[in-house]
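Structural description and commentary
Spelled out, the chains give:
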Amino acid sequence: MTDDRDPKALRRDWMRTSTLEGRVALVAGGGSGIGEAIAHAFAANGVRVIVADLRPDMADGVARAIKAEGGEATAVGMDVCKQEDIDQALAKAESAYGGLDMLVNSAGVIAPQPLVDADLGKWRSSFEVNVEGALMLARSALQLLKASPVASVVNISSLAGGRAYANGGSYGTSKAALIHLSRTMGVEWAEHGVRVNVISPGSVLTPLLLANMTRETQAARAERIPLGRMGAPREIADLAVFLASPMASYITAQEICCDGGLSQALMVQKWQSDS
Ligand SMILES: NC(=O)c1ccc[n+]([C@@H]2O[C@H](COP(=O)([O-])OP(=O)(O)OC[C@H]3O[C@@H](n4cnc5c(N)ncnc54)[C@H](O)[C@@H]3O)[C@@H](O)[C@H]2O)c1
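The chain has the name Glucose 1-dehydrogenase in an unreviewed UniProt entry, where Pseudooceanicola pacificus is given as its organism. As its UniProt record puts it under Sequence similarities (unreviewed entry), the chain is described as follows: "Belongs to the short-chain dehydrogenases/reductases (SDR) family."

**Thoughts on the site of the ligand**
Taken together, 30 residues lie around the ligand, and Ser32, Asp53, Tyr171, Val204 and Thr206 are the ones closest in. The separation between an oxygen atom of the ligand and a polar main-chain atom of Ile34 is 2.7 Å. The contact in question runs from an oxygen atom of the ligand to an N or O atom on the side chain of Tyr171, over 2.6 Å. When residues in the shell around the ligand are grouped by element, the largest group, three residues, is from helix α7 (residues 207-211). For the shell around the ligand, a count of residues per class yields 15 nonpolar, eleven polar and four charged.

**What to know about the pattern of salt bridges**
A full pass over the atoms with the stated rule returns five salt bridges. Across the salt bridge formed by Arg23 and Asp101, the nearest N and O atoms sit 3.7 Å from each other. Taken together, the positions of Arg23 in the loop between α1 (7-18) and β1 (24-28) and Asp101 in the loop between α4 (83-97) and β4 (102-105) put the pair 78 residues apart, joining distant regions of the chain. In this structure Arg23 comes out as partly exposed when scored by relative accessible area, which is 21%. Between Asp60 and Arg64 there is a salt bridge whose closest N-O contact spans 3.1 Å. On the criterion of helical spacing, the pair formed by Asp60 and Arg64 is a turn pair, its members being four residues apart in helix α3 (residues 56-68). On the accessibility criterion, Arg64 (57% relative accessible area) is exposed.

**A few points about the pairing of strand β5 (residues 152-156)**
Counting buried residues in β5 gives five out of five residues, a clear majority hidden from the surface. Note: β4 against β5, four bridges, orientation parallel. Following the sheet pairing, Met102 is matched in β5 by Ser152. Judged from the five bridges that link them, β5 and strand β6 (residues 195-201) form a sheet pairing that is parallel. By the bridge assignment for β6, Val153 is matched with Val196. The handedness of the β5 to β6 crossover, carried by helix α6 (residues 169-189), is right-handed.

Rules used throughout
Residues numbered from 1 in each chain as written. Predicted model: local features only at pLDDT ≥ 70, side-chain atom pairs only at ≥ 80, totals over all residues. Heavy atoms only, no water. UniProt positions renumbered as here; feature names shortened; annotations may be inferred. Near = heavy atom within 4 Å. Polar contact = N/O pair within 3.5 Å; in protein donor to acceptor, adjacent residues only side chain to side chain. Helix = DSSP H or I, 4+ residues; strand = E, 2+ residues; numbered from the N terminus. Nonpolar A, V, L, I, M, F, W, Y, C, P; charged D, E, K, R; others polar. Salt bridge = Lys/Arg side-chain N within 4 Å of Asp/Glu carboxyl O. Buried < 20%, exposed > 50% of the residue type's maximum accessible area, 1.4 Å probe, protein only. Pairing = 2+ DSSP bridges. Right-handed = clockwise from strand over helix to strand, strands pointing away.

Dropping the structure here:
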């Protein structure tokens, strides 16, 4: 199919719709780490941000920091597992900013444990936050998103959703479910003009990761990454902003890894023959 509109007009349209200025985003898990970086990156692009987190104090701190930098943000306490919290956060988006264009779900929990005697309570809470929370939030936001001309959802999964490691059973299985949930959302909601993508970060230096790793394990992990280092939250945030923006208007139902090449490398040492 050809597009017979004036190329100059097309370029103007593209420039206009590509900008995020004045759009509204809700970032769940926005009080720390990757979510915090995403909230800042949106604000730096002129997006009005609802920073939502289980920890209202942390959401508040991030919203204050954004405002101090000249951005626009509102904090809300929200547990992604509680429908009434979700409803309140979405009502806030509507009352404060008149709707919602972009939703990011970065809320997540990790409970390392061996499968053989896994505590089923911890197993279920991984699913409750990492999978059901994402579904409850996104489907509750759908009504508002449907009204936006540039609606998009970005979920934050993990490389652990596609690769196994010891003690990562409850986390990895829940993150695998989130990847598939996101694909299905992308396919189902395309008819509403809502794009849905999922980012699988590798190792990113955030409080969640640092609480679960020693200096030695961090160094050992970095050695296995082709780029030779762990990621910064900002590097995931840049991808999230791109995926949420109209720059990614033909990308939906995709998992995108952001991992310094880790997922694609068999080994980082050079293969050298003896001869
Ligand atoms: N850091 C990494 O290396 C890494 C790698 C892969 C994936 N991830 C994923 O990225 C996301 C963000 O992780 P992070 O490293 O920034 O961790 P983080 O602990 O710094 O941030 C997670 C935030 O989610 C919030 N949260 C937890 N449960 C919640 C709930 N029920 N409702 C609302 N908010 C809740 C926490 O309060 C916290 O502010 C998680 O989904 C995590 O699984 C992180």
